[in-house]
Amino acid sequence: MEVVAATAIAAFALVAFSQAGVLALRLLNSQKRTLEATLLAQEGIEAARLIRDGSWTDIASLTDADNPSLIYYPVIQNGVWVLTRSSPGLINGVHDRYVQFERVGRDGLDRIVFTGGTDDPGTRRVIAHAVSTGADVAITSYLTNFQSVVTPPGDTVSVSNTD
């Protein structure tokens, strides 16, 4: 009788440990996909920044007031990040990555507002998405035309050369 009880306990423990192992592997796989999606979305933001650094007009021209949900796919062509409207396919056979650009409005105190406000032609909201079966990550950031010269209203800039 003791042998049967010991065998039953050992079998139960073996099944419990194997189920715990299966559950742990599922959780690790889910976390892996979420991490991959997060890194791909962050890379999408970085690609948009690099494109902005090349030319602000490449970013500013991508916002369409009539269709703000246009999506662009960051891809590398000839060693340079570019944005395309056609999907390059799934990354690693799993993830779909794309970015969206939105105009930014500001209130009277120059704070960003989500609705209304005065259009800021030197700022765009960028949302990078990385989507897969087990993960849907969206990261939002702002891009500015930092290379433009901004003169506050009422101030004058003068440069004199005294040799």
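Just so we're clear, the structure is a prediction, and the values are computed from it rather than from any experiment.

## Brief notes about the nonpolar core
Core analysis: the largest hydrophobic core is formed by 22 residues, its most contacted members being I59, Y72, V99, F101, V126 and L143. Elements that contribute at least two residues to this core include exactly α1 (2-54), α2 (56-60), β3 (96-106), β5 (118-131) and β6 (136-144). When residues in this core are grouped by element, the largest group, seven residues, is from α1.

## Let's talk about the pairing of β5
Successive side chains on a regular strand alternate, one facing one side of the sheet and the next facing the other. One ladder, built from 10 bridges, connects β3 with β5; its direction is antiparallel. The residue bridging Y98 from the neighbouring strand is H129, located in β5. Examined bridge by bridge, β5 and β6 share nine bridges and lie antiparallel to one another. By the bridge assignment, R125 is partnered in β6 with Y142.

## Some words on the side chain of R124
Checked against the element boundaries, R124 lands in strand β5. No salt bridge is formed by the buried R124; the nearest opposite charge belongs to D119, separated by 4.6 Å. Within polar-contact distance, the side chain of R124 engages the backbone oxygen of D120 at 3.2 Å. Beyond its immediate chain neighbours, meaning those up to four positions away, R124 contacts W56, I59, A60, T63, E102, R103, V104, S141, Y142 and L143.

## What about the sheet that holds β3?
With respect to topology, four strands assemble into an open sheet ordered β4-β3-β5-β6, the strand pairing being antiparallel. Here the strands that pair on one side only, and so sit at the sheet edges, are β4 (112-113) and β6.

## Topic: the pattern of salt bridges
One pass over the full model with this rule turns up nine salt bridges. Note that K32 is salt-bridged to E36, the shortest N-O span being 3.8 Å. Separated by four residues within a single helix, K32 and E36 lie in helix α1, roughly one turn from each other. Between D120 and R106 there is a salt bridge, and its shortest N-O distance comes to 2.6 Å. Separated by 14 residues along the polypeptide, D120 in strand β5 and R106 in strand β3 bring together distant segments of the chain.

Cut-off values and rules
Residues numbered from 1 in each chain as written. Predicted model: local features only at pLDDT ≥ 70, side-chain atom pairs only at ≥ 80, totals over all residues. Heavy atoms only, no water. Core = buried A, V, L, I, M, F, W, Y, C linked by side-chain atoms within 4.5 Å. Buried < 20%, exposed > 50% of the residue type's maximum accessible area, 1.4 Å probe, protein only. Helix = DSSP H or I, 4+ residues; strand = E, 2+ residues; numbered from the N terminus. Pairing = 2+ DSSP bridges. Lys, Arg positive; Asp, Glu negative; His and termini not counted. Salt bridge = Lys/Arg side-chain N within 4 Å of Asp/Glu carboxyl O. Polar contact = N/O pair within 3.5 Å; in protein donor to acceptor, adjacent residues only side chain to side chain. Contact = heavy atoms within 4.5 Å.

Any link to function would need more than the numbers given here.
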